[in-house]
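What follows is the residue order along each chain.
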Amino acid sequence: MIKTNLKKSTFPSTIPTNKMKLPVQTRITKNIVLLGLLSFAVIILYPLFWMFISSFKSYQEIYSNVWALPTEWKFENYSLAWSKGISSYFFNSVYVTASTIVLTVIIGSMAAFVLSRYKNRWIDAALLFTIGGLMMNPQVALIPLFEILTITNLLDTHWALILTYVAYRLPLTIILIRAFFLTVPKELSESALMDGCTEFGIYWRIYLPISLPIVITSVILTAYFAWNEFLFATVFINSSELKTIPSGLMVFRDALRTDWGVLLSGMVIATVPMIVLLIFLQKYLVRGLAEGSVKG
């Protein structure tokens, strides 16, 4: 009878435990990175905080008591800013931004569906053309766009901004949504075709609901661009009643050269919508960008 002695393995365990401490160098690096991120956050957030606090101050207090809290909170600055023209600029921006989002997402998602579903030389050429649109600088096309809008009688209308914004946001929107569509299993569309579903039905009932994160990401990026765009809004719109927030604030500034409290209140009103949008939809933004970058 052969006896065998079973011994415990002398190899060290490779399974990490929660009690294991990070090396000193790793902890130092982590703390340095954390400190850098906190410093960057302060640099970004403090000007916004100062603008918000100063919007409740009077003209004299802004200069005499720059860094402190207001001694008297002047909430009427906001009502004055709203009544002196910010309301018109605000609603113009809402209209232009909402129209841009709707057209960009609908056209972009349809184009992305076609570019992801079919393969031939024309599709490849269209994809290259779309990628080339990402490289187009707005300043380069300013004069040709101005001439086109003049010929079509769209100059000094909201459609001059809407169509221009849609044209400039479509390439990025198409690329992002197409990358997400490429990850959708083909079995879903094949099953839908066997059940009698049309191509548009596959797009509307399968691809769009599944791609909600990347669609919301496209909405956020488009809204941020359309709301804050300054160059086209200044050149293409001359009428004060049609101006959007970025160009309208210039007129507002000229009209309130000495009333900095009211001017800062108008700037806060212009800033709040995008901040609120990013706060509530930031998880979709990160998720959509991460999932949309899986395939190209």
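No experiment lies behind these values; they were computed from the predicted model shown.

Draft legend 1. Looking closely at unusual backbone geometry. Even without a glycine there, the phi angle at Asn 153 is positive, about 60°. Note on placement: Asn 153 falls in the loop between helix H5 (142-151) and helix H6 (158-181). Take Asn 153: its relative accessible area is 66%, and that puts it in the exposed class. Here the phi dihedral of Asp 156 falls at roughly 65°; this positive angle occurs in a residue that is not glycine. As for its placement among the helices and strands, Asp 156 is situated in the loop between H5 and H6.

Draft legend 2. Seen up close, the UniProt feature "transmembrane region" (unreviewed entry) in the protein chain. Within this numbering scheme, the UniProt entry marks residues 32-53, 89-115, 127-146, 158-181, 202-227 and 260-281 as carrying the feature "transmembrane region" (unreviewed entry). Within the segment residues 32-53, helix and strand shares are 100% and 0% respectively, and the terminal C-alpha atoms sit 31 Å apart. The annotated region residues 202-227 carries 96% helix and 0% strand content, and the separation between its end C-alpha atoms amounts to 32 Å.

Draft legend 3. Structural view of the nonpolar core. Counting residues in each nonpolar core, the largest one holds 60 residues, and the members touching the most others are Leu 161, Tyr 165, Phe 232, Phe 236 and Phe 252. Among the elements that line this core, the one with the most residues is H6, at 12 residues. Once you skip the residues sitting within four places of it in the chain, Phe 252 turns out to touch Ala 81, Lys 84, Ile 86, Tyr 89, Val 262, Leu 263 and Gly 266.

Draft legend 4. Summary view of H5. Those residues of H5 lying buried are Leu 142, Leu 145 and Leu 149. One face of H5 carries all of its buried residues, which in axial projection span an arc of 65°. Opposite the packed face of H5, turned more than 90 degrees from it, sit the exposed residues Ile 143 and Ile 151. On its buried face, H5 is in contact with H6 and helix H10 (231-235). Just downstream of H5 lies Asn 153, where phi reads positive at about 60°.

Draft legend 5. Region of the structure containing the pattern of salt bridges. Applying the stated rule across the entire model yields 2 salt bridges. A salt bridge links Glu 76 to Lys 74; the nearest nitrogen and oxygen atoms lie 3.0 Å apart. For Glu 76, a relative accessible area of 36% gives the class partly exposed. Between Arg 117 and Glu 199 there is a salt bridge, and its shortest N-O distance comes to 2.9 Å. In this pair, Arg 117 is assigned in helix H3 (residues 76-117) and Glu 199 in helix H8 (residues 199-210), connecting sequence segments 82 residues apart. Take Arg 117: its relative accessible area is 23%, and that puts it in the partly exposed class. Residue classification places Glu 199 among the partly exposed positions, given a relative accessible area of 28%.

Basis of the calculations
Residues numbered from 1 in each chain as written. Predicted model: local features only at pLDDT ≥ 70, side-chain atom pairs only at ≥ 80, totals over all residues. Heavy atoms only, no water. Helix = DSSP H or I, 4+ residues; strand = E, 2+ residues; numbered from the N terminus. Buried < 20%, exposed > 50% of the residue type's maximum accessible area, 1.4 Å probe, protein only. UniProt positions renumbered as here; feature names shortened; annotations may be inferred. Core = buried A, V, L, I, M, F, W, Y, C linked by side-chain atoms within 4.5 Å. Contact = heavy atoms within 4.5 Å. Arc of directions from axis to C-beta. Salt bridge = Lys/Arg side-chain N within 4 Å of Asp/Glu carboxyl O.

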